[in-house]
Amino acid sequence: MRRWVSGVLVVMLIGVAAWSGSGTAGKSVGPSAPHFVTPPDEVKAAAQARGIDLGQRAHGRPHQVNPQQSVGTKPLSAEQKVLALYLRFPEDDGPPSRVTYQHVPRQLLADLLFGNAYNPYTHPDFARYREWNGIPAPTDRTLANYYREISRGRVTVTGEVVEVQMPRGYSAYRIGQRFGAVQNDYGDYTMAMLLEDAIRAADPYVDFSRYAVNGEVPNVFLIHEGTGAEWNLDPRLIWSHKWEYADAWYYYEWAKTGTAPEYDPHRGIWVDGVKVNAYAIEPEVGGDLTGYLGAVTGPYPPQVASTPTSLPMCWGCPICTITITIPKAWAAIR
């Protein structure tokens, strides 16, 4: 069956902690790198033209790229509770962008994740993607619908999107800048700091225990303003990924001093009596908003689509074993 996805974007947040339990279960000894999102074909081509080897996109020792871009196939429990934190930075200190656009409303993101219908084309920046060559864009591609369909009604996805005002500006995370002993391209070395800030800022408004399974919150999504580096390779942007706090903390501490700290796979952020460890992070929109590859493109609205794999994707950011094909107009994904 062929599904149509707007060539605009896709960002997925799934399987953050395997969707079914602790993020540390079965974990190998030693820290792991993030599970990075695979960029669209146009970005791959641009990278090749510039002699950039995406397969070697490591950020300096001891950080290594996950070669499979996959977290594997995991069993799903019948009820999936998702907490999505929509991160808002101070108005004068957000992600770099040459495009002025209206931020995606929180309710629109909630529709995308948990609704039965999702129509971003009422948004003024997305109206031009309402159809292509007379073909209307789908308005039923939601995360909840996806899991309902592939599980034949046995899996439900519920949750909420909480808007969080971040206590620091985007520049505080020194993304694309020197940080301690490393060059912090794509922000990987300060993700532990960002996650800590997001959880603490959300704590007064969220009861994290409502989303816990066996004492740990398995599905935390961080949705940030702007676009992601997977759209244009700009090192000043966050490259969408799935990771765990225990690993992010290790590399954060290592970067600050250049000395490897003791690794604790059970490390987490404790809040409301439960642990937060696994997370996925992705942008609110897609496109090359900084013009890093030349022409400015976007913003593109977030979409959910099925993929050739066992798990879906979102936001042009497949967190699992997903390959995204996004041409200039519409992409057909089998």
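A brief report on the enclosed structure follows.

Conventions adopted
- For every chain, the first residue of its written sequence is number 1, and the numbers climb from 1 along that sequence.
- The predicted nature of this model means local features are confined to residues of pLDDT at least 70 and side-chain atom pairs, given and counted, to a pLDDT of 80 or more, with totals for whole chains, interfaces and linings taken over all residues.
- Side-chain metrics rest on all non-hydrogen atoms present in the structure, leaving aside hydrogens and water.
- Numbered from the N terminus, helices here are DSSP runs of H or I no shorter than four residues, and strands are runs of E no shorter than two.
- Think of it in three bands: residues with accessible area under 20% of the maximum for their type are buried, residues over 50% are exposed, and the middle band is partly exposed, with areas taken using a 1.4 Å probe on protein chains only.
- In short, Shrake-Rupley with a 1.4 Å probe defines the accessible areas, and a residue's cover is counted only from the protein chains shown.
- Contacts are residue-level and defined by heavy atoms, with any inter-residue pair within 4.5 Å sufficient.
- For this document, the term salt bridge refers to a Lys or Arg side-chain nitrogen within 4 Å of an Asp or Glu carboxyl oxygen.
- In this text, buried Ala, Val, Leu, Ile, Met, Phe, Trp, Tyr and Cys residues form a nonpolar core when linked through side-chain atoms within 4.5 Å.
- DSSP bridges decide pairing: two strands pair if at least two such bridges lie between them.
- Lines are fitted to the C-alpha atoms to define the axes, a helix being fitted only along its stretch in contact, and any angle between axes, read from their N-to-C directions, falls within 0 to 180 degrees.
- Here a Phe, Tyr or Trp ring, Trp counted by its six-membered ring, pairs with any other such ring whose centre lies within 6.5 Å, and the pair is stacked when the planes are under 30 degrees apart, edge-to-face when over 60, and tilted otherwise.
- Only lysine NZ and arginine CZ atoms are considered, and such an atom sits over a ring when it is within 6 Å of the ring centre and within 35 degrees of the ring normal.

## Observations regarding the overall build of the protein
Link 1 in the chain: Each helix and strand counted, the protein has 5 helices and 17 strands in total.
Link 2 in the chain: Within the protein, the proportion of its 334 residues that are buried is 59%.
Link 3 in the chain: For the protein, the accessible area works out to roughly 13,500 Å², and carbon and sulfur atoms hold 48% of it.

## Here we look at the side chain of Thr290
Link 1 in the chain: Assignment of secondary structure puts Thr290 in the loop between β14 (278-283) and β15 (304-305).
Link 2 in the chain: We classify Thr290 as buried; its relative accessible area is 6%.
Link 3 in the chain: Residues in contact with Thr290, not counting those within four places in the same chain, are Pro96, Ser97, Arg98, Asn232, Asp234, Arg236 and Leu237.

## A word on the pattern of salt bridges
Side chains that differ in charge, positive against negative, can pair when their charged atoms come close.
Link 1 in the chain: Counting across every chain of the model gives 9 salt bridges.
Link 2 in the chain: Between Arg88 and Glu163 there is a salt bridge; the shortest N-O distance is 3.5 Å. Within this pair, whereas Arg88 is found in strand β3 (residues 79-88), its partner Glu163 is found in strand β6 (residues 156-165), the two being separated by 75 residues in sequence.
Link 3 in the chain: The class for Arg88 is buried, based on a relative accessible area of 18%.
Link 4 in the chain: We classify Glu163 as partly exposed; its relative accessible area is 43%.
Link 5 in the chain: Connected via shared salt-bridge partners are Arg88, Glu163 and Glu225.

## Some points on the environment of Gly228
Link 1 in the chain: Mapped onto the secondary structure, Gly228 falls in the loop between β10 (220-224) and β11 (241-244).
Link 2 in the chain: Here Gly228 falls in the buried class, since its relative accessible area comes to 0%.
Link 3 in the chain: Expressed as a C-alpha distance, the spacing of Gly228 and Tyr186, which sit 42 residues apart in the sequence, is 8.9 Å.
Link 4 in the chain: Residue contacts for Gly228: discarding those within four places in its chain leaves Leu237, Ile238, Pro283 and Val285.

## Some thoughts on the nonpolar core
Note that soluble globular proteins tend to have their nonpolar side chains buried in a common cluster.
Link 1 in the chain: Within the largest apolar cluster, 56 residues are counted, with the highest numbers of intra-cluster contacts made by Leu85, Leu194, Phe208 and Leu222.
Link 2 in the chain: In terms of residue count, the dominant contributor to this core is helix α4 (residues 191-202) (9 residues).

## Brief notes about the sheet that holds β11
Link 1 in the chain: Reading across the sheet, the 6 strands line up as β2-β11-β14-β10-β3-β6 and stay open at both edges, with mixed pairing between neighbours. Only two strands of the sheet have a single neighbouring strand rather than two, namely β2 (35-36) and β6.
Link 2 in the chain: Examined bridge by bridge, β3 and β10 share 5 bridges and lie parallel to one another. Across the sheet, residue Leu87 finds its bridge partner in β10, namely His224.
Link 3 in the chain: Where helix α2 (residues 106-114) meets the sheet, its contacts fall on β3, β6 and β10, and the angle it forms with β6 comes to roughly 160 degrees.
Link 4 in the chain: Contacts from α4 reach β3, β6, β10, β11 and β14, with the element oriented near 100 degrees to β3.

## Here we look at the packing of aromatic side chains
Link 1 in the chain: Following the criterion strictly, the structure yields 12 aromatic pairs and no others.
Link 2 in the chain: With a centroid separation of 5.5 Å and 90 degrees between ring planes, the pair formed by Phe89 and Tyr170 is classed as edge-to-face. Residue Phe89 is found in the loop between β3 and α2, and its partner Tyr170 is found in the loop between β6 and β7 (178-179); the two are separated by 81 residues along the sequence. In terms of burial, Phe89 and Tyr170 fall into one category: buried.
Link 3 in the chain: Relative to Tyr147, the ring of Tyr146 lies with its centre 5.7 Å away and its plane at 75 degrees, an arrangement referred to as edge-to-face.
Link 4 in the chain: Clustering of aromatic rings is evident, with ring pairs tying together Tyr189, Trp243, Tyr250, Tyr251, Trp254 and Tyr263.
Link 5 in the chain: Here the guanidinium or amino end of Arg88 rests over the ring plane of Tyr86, the centre of that ring lying 5.3 Å away.
Link 6 in the chain: Taking NZ or CZ as reference, Arg267 lies 3.5 Å from the ring centre of Trp249, over its face.

## Section: the sheet that holds strand β12 (residues 269-271)
Link 1 in the chain: Pairing is mixed across the open sheet formed by 3 strands, whose spatial order is β9-β13-β12. The two strands at the open ends of the sheet, each matched to only one other strand, are β9 (216-217) and β12.
Link 2 in the chain: With 2 bridges connecting them, β9 and strand β13 (residues 274-276) associate as parallel partners. Looking at the pairing, Glu216 lines up with Lys275 of β13.

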